[in-house]
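# Chain and residue survey
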Amino acid sequence: MRMIDIIAKKRDGKALSTEEIQFFVDGYTKGEIPDYQVSSLLMAIYFEDMNDDERANLTMAMVHSGDMIDLSAISGIKVDKHSTGGVGDTTTLVLAPLVAALDIPVAKMSGRGLGHTGGTIDKLESVAGFHVELTKNEFIDLVNRDKVAVVGQSGNLTPADKKLYALRDVTATVNSIPLIASSIMSKKIAAGADAIVLDVKTGAGAFMKTEEDARELALAMVRIGTNVGRKTMAVISDMSQPLGFAIGNALEVKEAIATLKGEGPEDLTELVLTLGSQMALLAQKATTLEGARQKLLEVIQNGTALNKFKEFLTNQGGDASVVDHPEKLPQAAFQIAVPAKSSGVIKQIVADEIGVAAMWLGAGRATKEDEIDLAVGIMLHKKVGEQVKQGDPLVTIYSNKKDVSEVMEKIYANIKIADHAEKPTLIHQIITNE
Ligand code: URA
Ligand code: CA
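Let us look at the structure shown here. Treat the numbers as computed from the prediction; the structure is a model and nothing was measured. (Residues numbered from 1 in each chain as written. Chains lettered and ligands numbered in written order. Predicted model: local features only at pLDDT ≥ 70, side-chain atom pairs only at ≥ 80, totals over all residues. Heavy atoms only, no water.)

### Some thoughts on the sheet that holds strand β5 (residues 231-238)
The test is simple: At least two bridges found by DSSP between two strands is the condition for calling them paired. For helices the rule is a DSSP run of H or I covering at least 4 residues; for strands it is a run of E covering at least 2, with both sets numbered from the N terminus onward. Axis definition: a line fitted to C-alpha atoms, limited for helices to the stretch in contact. Angles are taken between N-to-C directions and run from 0 to 180 degrees. By definition in these notes, contact holds between two residues if any of their heavy atoms fall within 4.5 Å.
Here 4 strands make up an open sheet; going across it, the order is β1-β4-β5-β13 and the pairing mixed. Taken across any chain shown, the strands that pair with only one partner, and hence form the sheet edges, are β1 (79-83) and β13 (427-431). Going across the sheet, the axis of each strand differs from the next one's by a mean of 15 degrees, ignoring polarity. Of the pairings in the sheet, the one linking β5 to β13 comprises 4 bridges and is antiparallel in character. Bridging from a neighbouring strand, Val235 pairs with Ile430 of β13. Each of β4 (195-202), β5 and β13 touches helix α10 (residues 211-227); the most contacted strand, β5, lies at about 165 degrees to it. Contacts from helix α12 (residues 266-282) reach β1, β4, β5 and β13 within the one sheet, and its direction differs from that of β4 by about 155 degrees.

Written as C-alpha cells, this is what we have:
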C-alpha cells in the first residue's frame, strides 16, 4: 500500500477501505509517513468528507493506536459523559456524585487542559488535599465500592489523535466534522466507556456556534458510537450565555455543592437532570426518562447526592467539610461588584467573552505552563431574560489583583441590557440513533 494512492483516492472523492485507514493511522503514529502526506490527506478529507464506515474505522484505528483502559473489573454499565466545552460548565462536578448516588459507576478520567477555567481536576483541587493520583487498582476498587472516582489522564491513550490533532491545528483542518467526531469519540472509547452521553454545546461560548453545526457534529458522533457498538446519545444545549452563575474553579465547586443540595441555578440544574436521566437510562438504572428524573430528584432531596460528594472527596484525600463550610474553599482578596449602568432586561451575556474576562483574572490557562488561581472568577447575578435596575450588581468579580478595570470594561461590553429579551431555550435537541 502506498500513501500517495490513498491521498489520490480521497482527493477524487472515493471512500477509503478499512485497511487504507489503518495503514495511514498506524504509519503516521509510528512516524513512518511524513507530515506533508498526512496534511494532504487531511485536506482531502476536509473537502471530500468521509462516510459512516470510514468515520467508524478512523475512530477505531485511533483507539487502537495506543492503550485502551480496561474497566471490565468494574461491575455495571460504565456510562461516560462528554461535553464539547463551554464557559462555566459545572456539570461534571454535579453529575459525577449525582448519578453515582443511583449506583451508576462513574469511572472518570479527566484532564486539565487549556481554557477559561481549569478542567474538572483543577476545579476539584480547590478542595484542600484532593488528589487524583490513584493506582489502577485503587481507582477500580473505589468505583466498585462507592461508584465514583476521578483519575488524571495516564498511559498512552490515542497517540494517533494527539499527532493528528496537532497537525490539523497548523494545516487549517481542525474544523471538519468527520475529523472532530472521530477525535472526540476515539478518546471516550479508549477510556473504557460502554455507553456515552454527549453534551454538544451551541452558541457564542461553544466550539459549534450554530445549532445546525452542533446538530451535524452530534449526529456524526452518535452514528460513530452506535456503529462501533457503544450506545450513544447527544443533547444539544445552550452556550450562548455561561452555564449557571459561577465561572471560576472554587466558585464552581461552591455552585456544584449548592446544586447537589437542590439550591443551584435553574439552567445548571435542568441540564444536569437532563443528562443524568439519559445516563441512568443507558446504565439501565431506570426504564423511562421520567422515572430517572424522579430518582435523581429524590437523591438530591434526601441528601444522598450530597453525601456521595463528601464520600468522593474524602476517598481522594479531600477535606469534605467544605461541603458544609464552603468558606473554607480558596477565597479571593477582592470582591468587586459591577453595577448595571441602566435599567431593563438582560439581552445578552456573551459567553466566550465573559470566559476571557475570567481568564484575565487568572481562572484559566492560555498555555500549558500557566498557573491557575483557584480562588478567582466571575459570579453572574442575572441571566438573559431577567429584569435589572440601574445600580443592581450585574456580576461580582473575585480577584487577587486590586485593579480590575480591564475586566470590568470587558464585562460591560459583553452584557447587554435592552427593553425586551427572551430567556434562551436551554435544551435545543435530543439526538438518538432512532
Ligand atoms: N475536540 C477534540 O477532542 N477533537 C477535535 O478534533 C476538536 C475538538
Ligand atoms: Ca457555572
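Picking up after the structure, the text goes on.
### Digging into the site of ligand 1
Short version of the rule: The nearness test applies per residue and asks whether one of its heavy atoms lies within 4 Å of the molecule or strand. As used in this structure description, the phrase polar contact means that two N or O atoms lie within 3.5 Å; if the pair is within protein, one of them must be able to donate a hydrogen and the other to accept it, and residues adjacent in sequence are counted only when both atoms belong to side chains. In these tables, accessible area is a Shrake-Rupley quantity obtained with a 1.4 Å probe, and a residue counts as shielded only by the protein chains included in the view.
Every residue close to ligand 1 is listed here: Tyr165, Arg168, Ile180, Ser183, Ile184, Lys187 and Phe207. Contact between ligand 1 and Arg168: an oxygen atom at 2.8 Å from a side-chain N or O atom of the residue. A distance of 2.6 Å is found between an oxygen atom of ligand 1 and a side-chain nitrogen or oxygen belonging to Lys187. The protein chains hide 86% of the 240 Å² of surface that ligand 1 would expose on its own. Where the shell around ligand 1 is concerned, the elements lending two or more residues are α8 (159-169) and α9 (177-190).

### What to know about helix α11 (residues 249-260)
The cut-off we apply is this: Expected helix span is taken as 1.5 Å per residue step, with the number of steps being one fewer than the number of residues. Exposure classes here rest on a 1.4 Å probe applied to the protein chains alone. A residue is buried below 20% of its type maximum, exposed above 50%, and partly exposed in between.
End to end, α11 covers 17 Å across 12 residues, agreeing with the expected 16 Å (1.5 Å per residue, within 8%). Regarding α11, the residues found buried are Asn249, Ala250, Leu251, Glu252, Val253, Glu255, Ala256, Ile257, Thr259 and Leu260. Downstream of α11 by one or two residues, Gly262 has phi in the positive range, about 85 degrees.

### A look at the coordination of the calcium ion (ligand 2)
Defined as follows: A 2.8 Å cut-off from the metal defines N, O and S donors, relaxed to 3.2 Å for Na, K and Ca; water is not in the atom list, so some sites may appear incomplete.
At 2.3 to 2.7 Å from the calcium ion (ligand 2) lie its protein donor atoms, namely Gly88 (O), Thr90 (OG1), Leu243 (O), Ala246 (O) and Glu255 (OE). Read in sequence order, the donor residues coordinating the calcium ion (ligand 2) give the pattern G-x1-T-x152-L-x2-A-x8-E. Taken together, the positions of Gly88 in the loop between β1 and α5 (91-100) and Glu255 in helix α11 put the pair 167 residues apart, joining distant regions of the chain. The exposure classification of Gly88 matches that of Glu255, with both residues buried.

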